[in-house]
Amino acid sequence: MKLSVRFAGLTALAALLATACAPQTSSNSSSDKDEKTGTLRVWLFQEVGNAPKQKVVDSVVAGFEKAHQGTKVDVEYIPIDTRAQRVKAAFNDPASAPDVMEYGNTDTAGYVKDGGLLDVTKEFGEWGEAKDTDPTAKQSVTVDGKLYGAPFYVGVRALYYRTDVFEELGLSVPRTMDELASTAREIRAARPELYGLVVGGAYTYGAMPFVWANGGELANGKSGSYASGIDSAQARKGIKAYTSLFGDDNCPAAKCAGMGGNDTISAFAAGKAAMAIGGDFSHTAVEAGKVKGKYAVVPLPGVKSGSIAPAFAGGNNIGVLKSTSHRTLAMQLMEQLASKKTQRELFDAMGFLPTFTDVRQQVAQQEPFVKPFVRTLSAGTKFVPASPAWAQIDSSLVLPTMFQEVISGKKDVAKASDDAAKKMNDAFGSAG
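In this text the structure is predicted, and so the values were computed from the model without any measurement. (Residues numbered from 1 in each chain as written. Predicted model: local features only at pLDDT ≥ 70, side-chain atom pairs only at ≥ 80, totals over all residues. Heavy atoms only, no water.)

Peer 1: Help me out: how do you make sense of the state of the cysteines in this one?
Peer 2: Defined simply, a disulfide is a covalent bond joining two cysteines at their sulfur atoms. A full pass over the atoms with the stated rule returns one disulfide. One disulfide bridge connects Cys251 with Cys256, the sulfur atoms lying 2.0 Å from each other. Sign of the S-S torsion, about -85° for the bond between Cys251 and Cys256, identifies this disulfide as left-handed. Here Cys251 falls in the buried class, since its relative accessible area comes to 0%. (Disulfide = S-S within 2.5 Å. Buried < 20%, exposed > 50% of the residue type's maximum accessible area, 1.4 Å probe, protein only.)

Peer 1: Is there a simple way to think about the nonpolar core in this case?
Peer 2: Burial of nonpolar side chains together is a common tendency in soluble globular proteins. Counting 86 residues, the largest nonpolar core has Leu197, Ile230, Tyr242, Met275 and Leu399 as the members making the most contacts within it. When residues of this core are assigned to their parent elements, the largest contribution, eight residues, is made by helix H20 (residues 413–431). Non-local contacts of Leu197, meaning those with residues more than four positions away in its chain, are made with Leu159, Leu180, Ala184, Leu245, Asn250, Cys251, Met275, Ala276 and Ile277. Counting residues in hydrophobic clusters, the runner-up holds 51 residues, among them Val87, Met101, Tyr111 and Leu346. (Core = buried A, V, L, I, M, F, W, Y, C linked by side-chain atoms within 4.5 Å. Helix = DSSP H or I, 4+ residues; strand = E, 2+ residues; numbered from the N terminus. Contact = heavy atoms within 4.5 Å.)

Peer 1: Got a minute to help me understand the side chain of Thr376 in this structure?
Peer 2: Along the chain, Thr376 falls in helix H17 (residues 371–379). Among the polar contacts made by the side chain of Thr376, one reaches the main-chain carbonyl oxygen of Pro372 at a distance of 2.8 Å. Excluding residues that lie within four positions of it along the chain, Thr376 makes contacts with Val156, Arg157, Ala158, Pro299, Ile308, Ala311 and Thr381. (Polar contact = N/O pair within 3.5 Å; in protein donor to acceptor, adjacent residues only side chain to side chain.)

Peer 1: Looking at this model, I keep getting lost on the pattern of salt bridges. Mind explaining?
Peer 2: Oppositely charged side chains can form a pair if their charged atoms are brought close together. Under the defined criterion, the tally for this structure stands at 22 salt bridges. Across the pair Asp164 and Arg162 runs a salt bridge whose closest N-O atoms are separated by 2.8 Å. Taking the shortest distance from any N to any O, the salt bridge between Asp348 and Arg344 comes out at 3.7 Å. Of this pair, Asp348 and Arg344 both sit in helix H15 (residues 340–350), four residues apart, which is roughly one turn of the helix. One network of salt bridges, in which partners are shared, links Lys131, Asp132, Lys340 and Asp358. (Salt bridge = Lys/Arg side-chain N within 4 Å of Asp/Glu carboxyl O.)

Peer 1: Hey, could you run me through unusual backbone geometry in this one?
Peer 2: Most peptide bonds take the trans configuration, and most residues that are not glycine carry a negative phi. Despite not being glycine, Asp144 shows a phi value in the positive range, around 50°. Residue position: Asp144 is located in the loop between strand S4 (142–143) and strand S5 (146–147). Even without glycine at this site, Leu397 takes up a positive phi of about 60°. Structurally, Leu397 can be placed in the loop between helix H18 (389–395) and helix H19 (398–408).

Peer 1: In this structure, what is going on with the sheet that holds strand S11 (residues 273–279)? I would like to understand it.
Peer 2: Backbone hydrogen bonds are what pair the strands of a sheet, in a parallel or an antiparallel way. Read from one edge of the open sheet, four strands run S8-S11-S7-S12, paired in mixed fashion. Unpaired on one side and paired on the other, strand S8 (195–198) and strand S12 (295–298) mark the two borders of the sheet. Going across the sheet, the axis of each strand differs from the next one's by a mean of 20°, ignoring polarity. Bridge analysis of strand S7 (residues 157–162) against S12 gives four bridges, and the strand direction is antiparallel. Each bridged residue has a counterpart across the sheet, and for Tyr161 the counterpart in S12 is Ala296. The sheet strands contacting helix H8 (residues 177–190) are S7, S8 and S11, and the helix crosses S8 at an angle near 140°. Contacts from H17 reach S7, S11 and S12, with the element oriented near 140° to S7. (Pairing = 2+ DSSP bridges. Axes fitted to C-alpha atoms, helices over the stretch in contact; angles between N-to-C directions.)

Peer 1: Quick question: what am I supposed to make of the sheet that holds strand S14 (residues 314–320) here?
Peer 2: What the five strands build is an open sheet, ordered S2-S1-S3-S14-S6; its pairing is mixed. For this open sheet the edge positions go to strand S2 (71–78) and strand S6 (150–155), each flanked by a neighbour on one side alone. Strand-to-strand twist in this sheet, taken as the mean axis angle between neighbours without regard to direction, amounts to 20°. By the bridge criterion, five bridges tie strand S3 (residues 100–104) to S14 in an arrangement that is antiparallel. From the neighbouring strand, Met101 faces S14, where its bridge partner is Gly319.

Peer 1: What is the right way to look at the side chain of Thr342 in this model?
Peer 2: Here Thr342 shows up in helix H15. Residue Thr342 is classed as buried on the basis of its relative accessible area of 4%. Setting aside residues up to four positions removed in sequence, Thr342 forms contacts with Val56, Val60, Gln336 and Leu337.

Peer 1: How do you make sense of helix H9 (residues 204–213) when you look at a structure like this?
Peer 2: Think of an α-helix as 3.6 residues a turn; residues three or four steps apart then line up on the same face. Most of H9 is tucked away: nine of the ten residues are buried. Within H9, burial applies to Thr204, Tyr205, Gly206, Ala207, Met208, Pro209, Phe210, Val211 and Trp212.

Okay, here's the thing in structure tokens:
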């Protein structure tokens, strides 16, 4: 797996910021043309170490151009840090927009509201391979029952743990969240130079499994009428369970409150922690660290013994822009880029987990490290509210602020979650 996969979360964040910056566009940007020749423009994410991805894409493009005489495909890899401006410009000026675009899967609702993505419900339904798409991945391209793209890859998190430390201390792998916390404290007491379970106050998607496992939700409702659920009794139980891990007996608040996901994986890879919550996309970083050969991965345990905590289903999608003048060709190219063959090749090249359940099972047999992540996906995952408000909620750090207020002792769980819920509801309301 290439190092670039570590930046999937950053990609999603950049995409969220792009959504937040994107202007409102009208349906007038929709093209009524369907040219059968000419140049198709494609924007894909620029990965760190992009060559393996480009090799796979070049193969797809060569086959597509051969099958469609008179058609040329121009692929541009967009830098993450300037993508917000590029998407904004594309939505403002259809003439500068690509026909096909890769985007973060939390972007869908925002891009649909901004008028940028084409409704491909009919074509997706007629696509033979679509029937094997993972339901959660399909949800990430769905707004109000309509589909606006094809899932490209998924990413989930599980529990990394040090096999050498567990063996030395005679510990068993935790089977519940309570056992996870007690095991973390036992390790810290015996090996004070280690974090038991390294956690981060700014690590939203490391924290959310605690909320979801306790029956809480980010929000309730449907697109256009969401209400925050972060202040429910169940959500508060999860918030308490997560924030209780920040202390001298596990992960000192002074060091851990400001950590994000990459920070926690870096600490684990450097041999500073006995456990960490990391993604399939974290595998390369851990393999490159001091703990290579001394760790294993299991699904993050839930509340009940043997259960798996729901994980956030991250990843990216491929969509067709509403402004395309090559609708049929763009649809066909989207399907080729998101096909089973391409996803399998991207897994081999980059480590991206396929969105097709059958292909994912195949790669799990090929690569043992994938199995706990596939088990996590199979157990059921969660997604963010399908609302354009999510971009605002995420970029304004509503949830990290809530966690950090509790960790610092500035507010108790009830007050912090109440305040977070109000901010979320304001955002949902303004998104209309």
